[in-house]
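Residues per chain are reported as follows:
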Amino acid sequence: MNDAMIFSRLDLPRIIAAWSATRAVYVPAVSGALTAFTLFDPERGLSLDYGNSTLSPKPFFFPQTECLLRFSTRGEDAGLAVAEPQGTQKRVIFGIRPCDAGAFSLLDRVFCQDKGSTDPSWASRRARTALVGIGCNAPDAACFCTSMGGGPHHARGLDILATDLGDEVLLTPITDKGRALMAEIPAVAAATPARGARGGTALGRAEMLRINAEAVMARSPFSGLTLEAVARRSQRTVHALGIWAKIAETCLNCGACTFTCPTCHCFDIQDETKGPSGRRVRNWDTCMSWLFTAHASGHTPRPTKVERVRQRFLHKFKYMPMNLDGRPGCVGCGRCVRQCPVNIDIREVLRAMDVACRAAPPSGASRDEAVS
Amino acid sequence: MNPASPYLPLPVRLTKARFDTPDKSLRTFGVAFEDPAHAASFRYRPGQFAELSVAGFGEAPIGIASSPTEGPELLFTVSRIGVVTSALHALEPGDRFGVRGPLGNGYPLAELVGKDIVVVAGGYAVTTLRSAMVWLLDPAHRAHYGRITFVYGARSPELLLYQDVWRQWMQRADVDCRVTIDNACQGWDCLVGFVPRVLKDLAPSPENAAALVCGPPAMIRFSLPVFEDLGWQPEQIFMSLENRMKCGIGLCGRCNVGNRYVCKDGPVFTKAELDRLPPEY
């Protein structure tokens, strides 16, 4: 099945059940105010009526805590470390949103940079997981993917893009992995190729849904945000802008933003021992924490929350674009906007950066190029 | 780097250890790989560092003080300041621990062929500069460089590391070795005065030259203007930074200065590079 196909919505559980025969398939589940991905349960059925998962699905590839290696503390082998084996379970995440899929394609470039800087567990989990995303027909008020190079129906990072047409679902394979997954769909499902008169109508409906979703986002007071002016200024200039103290003023350094963010990937490594055995674990960390950069001597390059808040936004909007061919380190999922307890809105920060960069004297501009 | 996982340390044994200072805050370790294949695969350059790993305590990034010209054993000097470094100080010869690396870029010595080299070191930051000096003075390399000058200072004689090697360098005609302490004291036979002062008296010419500088912030702060007054360009001055690190391979996100990671893009940067980065280190 190389082509886009249309299925009855009622066929979806059967399709997912077929994939479940050889894989773990995760689907969105709404429970009260929370939405999370859970293992598909035929008894429970499938709901497509959700915005996005409350927390980002990054734990599928980058668990909050993860064993890197094990060692014993006693005997002949004391101190001899053994790498934790990678899992082999194949997985499908069904219903992931395009913003989150885009975040993972971005993080591929962080976790798999080159031979010496490749994270084996990220690479393993990515290789054995297929992402079936559903385009957003009704973006949330906090969403701003269109300002971050994405879109509510974008396919970057997805293996299959699904479009919810109401009674029907359009599945468009994007990658070979997605085409292989399409090929496993049982013949019992009443599929129609998205060609011909009826198929053409479906494609037209999908296109209308995309245009509509983008139009909704264009009406947001934050539409049209751009990194152009930030890109034109040197990192030293953006770092020295006078806006940071005010932006950081209300921040509690609680780390809710980094916790929920699909692109935040900073981690800590700690040893744990219990009796004769121990392990080295990798845990999520946050640049909001003082300890994050504190040297053993007590010196820290980012001593107050002003430096720490600035680091978070510069990492996403200046450093990552510099290192990753202009791609921002943010996908506009809106989770930090929704979760921040003091209502720091990353879109307002970006706007303040843009305004201040436009007003900044041109000296020092475009000197960044010489750095790399 | 271990092919199984970049996080997996290679097993090593402590071969010898000595406390360098009377307060026992600095300890120098000889380190041998358990597996000769690991020793052969650990190909490093002066200026690189490694994560020293003590199971149950964690890892600490430490500059490699030995030179690859000295054979398969590694040398590290460790300041006892935190959990991991205290655990390292508690090791006895024969004990096993781990080494992960080599990490970082190192000094670009191959690119500096044909130049005069001025090495400026302060306190125990001399470690990777010891490595660079031993490498430069090795018979296989010495002829490829012009004048070599070594300026090294510490507060007092007992805080000067590697006395055995720099005393030998003082006997050599092909290196100008100037070692200084802050205040005069009995029995001291070398220079007295701060490193920037010694550097000023020395007045190294920037003509076809490069400087490798590593030391405490005060030494850096007062040495850079001396170079500047002598006409040195920021591109000629190589400095080694340190920051808190975990992964050491540019993933974990904490050691950045602007868009550059000290662990992977550094720790050695030219002053020209640092002038373009946010002053956050």
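Parameters at a glance
Residue numbers here run from 1 along each chain, matching the order of that chain's written sequence. The order in which chains are written sets their letters, starting at A; the order in which ligands are written sets their numbers, starting at 1. Where totals are concerned, whole chains, interfaces and linings use all residues; where local detail is concerned, this predicted model gives features only for residues with pLDDT of at least 70, and gives and counts side-chain atom pairs only at 80 or more. The side-chain numbers reported here are obtained from all heavy atoms of the structure, hydrogens and water having been left aside. Each helix is a run of H or I in the DSSP string that is no shorter than four residues. Each strand is a run of E no shorter than two, and both are numbered from the N terminus. In this analysis, two residues are considered to be in contact whenever any of their non-hydrogen atoms come within 4.5 Å of each other. Only four residue types enter the tally: Lys and Arg on the positive side, Asp and Glu on the negative side; His and the chain ends are excluded. A single reference atom marks each charge: NZ on Lys, CZ on Arg, CG on Asp, CD on Glu. Working definition: a disulfide is two cysteine sulfur atoms within 2.5 Å of each other. Between the N-to-C directions of two axes lies an angle of 0 to 180 degrees, each axis being a line fitted to C-alpha atoms and, for a helix, fitted only over the stretch in contact. In this scheme, roughly parallel covers angles under 35 degrees and roughly antiparallel covers those over 145, while 65 to 115 is roughly perpendicular and the rest are oblique. By convention the crossing between two helices is left-handed if the near helix lies anticlockwise of the far one by an angle smaller than a right angle, and right-handed if it lies clockwise. For this classification, Asp, Glu, Lys and Arg are treated as charged, while Ala, Val, Leu, Ile, Met, Phe, Trp, Tyr, Cys and Pro are nonpolar and the rest, including Gly, are polar. Any pair of nitrogen or oxygen atoms within 3.5 Å is treated as a polar contact; in protein, a donor-acceptor pairing is required on top of that, and neighbouring residues in sequence qualify only through side-chain atoms on both sides. Residue ranges for the domains originate in an automatic or database domain assignment. Reported buried area values correspond to the accessible surface (1.4 Å probe) lost by two parts on association, with both partners' losses combined. For salt bridges, the criterion is a side-chain nitrogen of Lys or Arg within 4 Å of an Asp or Glu carboxyl oxygen. UniProt positions are given in the numbering used here, feature names are shortened, and annotations may be inferred rather than shown by experiment. Exposure classes here rest on a 1.4 Å probe applied to the protein chains alone. A residue is buried below 20% of its type maximum, exposed above 50%, and partly exposed in between. Pairing between two strands is assigned when DSSP locates at least 2 bridges connecting them.

Participant: Any chance you could explain the overall build of chain A here in plain terms?
Facilitator: Helices and strands together make up the secondary structure of chain A, namely 12 helices and 12 strands. Projected onto the principal axes, the alpha-carbon positions of chain A cover approximately 65 × 65 × 40 Å. Of the contacts made within chain A by residues no fewer than 6 positions apart, 73% connect residues no fewer than 24 positions apart. Between the averaged position of the 45 positive side-chain charges in chain A and that of its 35 negative side-chain charges there is a distance of 3 Å.

Participant: Explain the state of the cysteines to me, please; I cannot follow it from the model alone.
Facilitator: In protein chemistry, a disulfide is the covalent bond that joins the sulfur atoms of two cysteines. Counting across every chain of the model gives zero disulfides over all chains. Of all cysteine sulfurs in the structure, the one in Cys-247 of chain B sits closest to Cys-67 of chain A, which takes part in no disulfide; the separation is 17 Å. As a non-bridged cysteine, Cys-190 of chain B has Cys-177 of chain B as the owner of its nearest cysteine sulfur, 7.6 Å distant.

Participant: Help me understand the packing of helix H5 (residues 195-202) of chain B against helix H6 (residues 217-229) of chain B, please; the structure alone is not making it clear to me.
Facilitator: Residue and element names in this part refer to chain B. Running from amino to carboxyl end, H5 crosses H6 at an angle of 15 degrees, the nearest separation of the two axes being 8 Å. By the angle between their axes, H5 is roughly parallel relative to H6. Judged by the sense of rotation from one axis to the other, the crossing of H5 with H6 is right-handed. For the pair H5 and H6, contact is made by Val-195, Pro-196, Leu-199 and Lys-200 and by Met-219, Phe-222, Ser-223, Val-226 and Phe-227, respectively. Residues that form the contact of H5 with H6 fall into these classes: seven nonpolar, one polar and one charged.

Participant: Can you help me understand the side chain of Arg-126 of chain A in this one?
Facilitator: All names here are of chain A. Along the chain, Arg-126 falls in helix H3 (residues 120-127). Within the structure, the side chain of Arg-126 is placed 2.8 Å from the side chain of Asp-108, a separation counted as a polar contact. Those residues in contact with Arg-126 that lie beyond four places of it in its chain are Phe-61, Phe-104, Ser-105, Asp-108, Leu-131 and Lys-177.

Participant: How should I be thinking about the domain arrangement of chain A in this particular structure?
Facilitator: Residue and element names in this part refer to chain A. On domain assignment, one finds that chain A holds domain 1 (5-57 + 78-219) and domain 2 (227-359). Here the C-alpha centroids of domain 1 and domain 2 sit 27 Å apart. Taken over both partners, the interface formed by domain 1 and domain 2 buries close to 2400 Å², and the fraction arising from carbon and sulfur atoms is 60%. Here domain 1 and domain 2 share four salt bridges between them. The residue Asp-100 makes a salt bridge to Arg-335 at a minimum N-O spacing of 2.7 Å. Counting across the interface, domain 1 meets domain 2 through 13 residue pairs in polar contact (both at pLDDT 80 or more).

Participant: So what exactly am I meant to see when it comes to the UniProt feature "binding site: [2Fe-2S] cluster" (unreviewed entry) in chain B here?
Facilitator: All names here are of chain B. UniProt's feature table lists "binding site: [2Fe-2S] cluster" (unreviewed entry) at Cys-247, Cys-252, Cys-255 and Cys-263, given in the numbering used throughout. A maximum C-alpha distance of 10.1 Å among these annotated residues, which run over 17 residues, shows that they cluster at one spot. Secondary-structure assignment places Cys-255 in the loop between strand S12 (237-240) and strand S13 (256-257). Classification of Cys-255 by relative accessible area gives buried; the value is 3%. The contact partners of Cys-255, leaving out residues within four places of it in the chain, are Asn-243, Arg-244, Met-245, Arg-260, Tyr-261, Val-262 and Cys-263. For Cys-263, a relative accessible area of 2% translates into the label buried. Once you skip the residues sitting within four places of it in the chain, Cys-263 turns out to touch Phe-49, Leu-103, Gly-104, Met-245, Gly-248, Ile-249, Gly-250 and Cys-255.

Participant: I tried to follow the interface of chain A and chain B on my own but got confused; where do I start?
Facilitator: By a widely used convention, the size of an interface equals the accessible area lost when the partners come together. Counting residues at the interface gives 55 residues for chain A, matched by 44 residues for chain B. Where chain A abuts chain B, roughly 4000 Å² becomes buried across the two surfaces, and 52% of that area is made up of carbon and sulfur atoms. Inspection of the chain A/chain B interface yields six salt bridges. Ionic pairing is found between Arg-310 of chain A and Glu-280 of chain B, a salt bridge with its closest N-O pair at 3.5 Å. In this assembly, chain A and chain B are joined by 33 residue pairs in polar contact (both at pLDDT 80 or more). Every element with two or more residues in the side of chain A that touches chain B is listed here: strand S4 (65-72), strand S5 (82-83), helix H2 (98-111), helix H7 (235-239), strand S11 (267-274), strand S12 (277-284) and helix H10 (305-323) of chain A. Broken down by element, the side of chain A that touches chain B gets its largest block of residues, seven residues, from H10 of chain A. The class makeup of the residues in the side of chain A that touches chain B is 23 nonpolar, 18 polar and 14 charged.

Participant: Looking at this structure, how should I read the environment of Trp-166 of chain B?
Facilitator: One can find Trp-166 of chain B in helix H4 (residues 163-171). Sequence-wise, Trp-166 of chain B and Gly-187 of chain B are 21 residues apart; in three dimensions their C-alpha atoms are separated by 17 Å.

Participant: So what exactly am I meant to see when it comes to the sheet that holds strand S9 (residues 176-181) of chain B here?
Facilitator: Residue and element names in this part refer to chain B. Pairing within the open sheet is mixed, and its seven strands lie in the order S10-S9-S8-S7-S11-S12-S15. Strand pairing shows two members of the sheet lacking a second neighbour, strand S10 (191-192) and strand S15 (268-270), which therefore form its edges. Two strands pair when backbone bridges link them, and strand S7 (residues 116-122) and strand S8 (residues 148-154) are joined in this way by six bridges, in the parallel orientation. Paired with Ile-117 across the bridge in S8 is Ile-148. With respect to the sheet, H4 is in contact with S8 and S9, its orientation differing from that of S9 by roughly 130 degrees.

Participant: What exactly am I supposed to notice about the pattern of salt bridges here?
Facilitator: A side chain with one charge can pair with a side chain of the opposite charge if their charged atoms come near. Following the criterion strictly, the structure yields 38 salt bridges over all chains and no others. When the shortest N-O distance is used, the salt bridge between Glu-214 of chain A and Arg-210 of chain A registers 3.1 Å. With Glu-214 of chain A and Arg-210 of chain A both in helix H5 (residues 196-218) and four residues apart, the pair spans about one turn of that helix. By relative accessible area, which is 25% here, Glu-214 of chain A ends up partly exposed. The exposure class of Arg-210 of chain A is partly exposed, given its relative accessible area of 25%. Among the salt bridges present, the one from Lys-16 of chain B reaches Glu-73 of chain B, with a minimum N-O distance of 3.6 Å. You can see Lys-16 of chain B sitting in strand S1 (residues 10-19) and its partner Glu-73 of chain B sitting in the loop between strand S4 (58-63) and strand S5 (74-79), a full 57 residues away along the chain. For Lys-16 of chain B, a relative accessible area of 47% corresponds to the partly exposed category.

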